Amino acid sequence: MDYKISIEELENSPSKTLDFHFEEKIKELNCVTPIISDLEITSLGDFIEVKGNVKGIVKLECDLCLKEFDYKLDFLIDEMFAKDQLLDDYGLEFELKDGQFVTDLEGADEIDIYDLLYQSVILNLPNKKVCGINCNGDKFLKEENLSDPRLDVFKNIKIEDKKEI
């Protein structure tokens, strides 16, 4: 299926707005369910705004215990694209909302929705991936005896406590 939105088609549509439904597993991610997104793409003159929600479940690896777990995605997307190349001295003022970025299309004639959703999902994954609040990561690692043999040399170090009076 083609996941690209033609800028020409967007400009020629009524009210310069297109609705786009995405329901597909993103192959670069370990998806448990398809990523589902209903997007509204609107032309705003020199800019294009893509708004909507993203839902789905992906499989992540816990940073503490290294076991896989399901992570539920449910977030809003609000992206801006500049149709023409952005210049440092861009003459028109345009207000950006907090946390919003503008992607320069550099004169391209379409927007790749698949790539946009992939990047949005990656950016919305937690920095610290933990399977749950009761994760016993330390216990798991000790049970698996995952010590590094190169560090064995430090087991026999004796540190003398010198106190000065």
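Residues numbered from 1 in each chain as written. Predicted model: local features only at pLDDT ≥ 70, side-chain atom pairs only at ≥ 80, totals over all residues. Heavy atoms only, no water.

Details of the overall build of the chain
- When its secondary structure is counted, the chain shows three helices and seven strands.
- Scanning the chain from its N terminus toward the C terminus, one meets helices and strands in the order β-α-β-β-β-β-β-β-α-α.
- Out of the 165 residues in the chain, the part that is buried amounts to 29%.
- Of the contacts formed within the chain by residues at least 6 apart in sequence, a portion of 55% connects residues at least 24 apart. (Helix = DSSP H or I, 4+ residues; strand = E, 2+ residues; numbered from the N terminus. Buried < 20%, exposed > 50% of the residue type's maximum accessible area, 1.4 Å probe, protein only. Contact = heavy atoms within 4.5 Å.)

Regarding the packing of aromatic side chains
- Counting across every chain of the model gives three aromatic pairs.
- In textbook terms, an aromatic cluster arises when at least three aromatic residues are bridged by ring pairs, as seen for Tyr3, Phe22 and Tyr114. (Phe/Tyr/Trp six-rings, centres within 6.5 Å; stacked < 30°, edge-to-face > 60°.)

Here's the deal with the side chain of Ser43
- Among the structural elements, Ser43 can be located in strand S3 (residues 35-43).
- Of the residues examined, Ser43 reaches a relative accessible area of 9% and is grouped as buried.
- Sequence-distant contacts of Ser43, that is, excluding residues within four places in its chain, are made with Leu10, Glu11, Lys16, Ile48 and Lys83.

Examining the pairing of S3
- In this structure, strand S2 (residues 17-24) lies alongside S3, joined through eight bridges in antiparallel fashion. Bridging from a neighbouring strand, Thr17 pairs with Thr42 of S3.
- Pairing of S3 with strand S4 (residues 47-61), which is carried by eight bridges, proceeds in the antiparallel orientation. Paired with Ile41 across the two strands is Val50, which belongs to S4.
- What sits between the antiparallel neighbours S3 and S4 is a turn of three residues, in which Gly45 has the positive phi angle 85°. (Pairing = 2+ DSSP bridges.)

Here's the deal with the side chain of Thr42
- Relative to the elements of secondary structure, Thr42 occurs in strand S3.
- Filtering out sequence-adjacent residues up to four positions away, Thr42 remains in contact with Leu10, Lys16, Thr17, Phe47, Ile48 and Glu49.

Description of the sheet that holds S3
- On the basis of which strands lie adjacent, the open sheet formed by five strands has the order S2-S3-S4-S5-S6 and mixed pairing. Because the sheet does not close on itself, it has two edges, and the strands there are S2 and strand S6 (102-104). For this sheet, the mean angle separating the axes of adjacent strands, direction not counted, is 30°.
- Along the sheet face, helix H2 (residues 113-123) touches S2, S3, S4 and strand S5 (68-82) and points at about 125° away from the line of S5. (Axes fitted to C-alpha atoms, helices over the stretch in contact; angles between N-to-C directions.)

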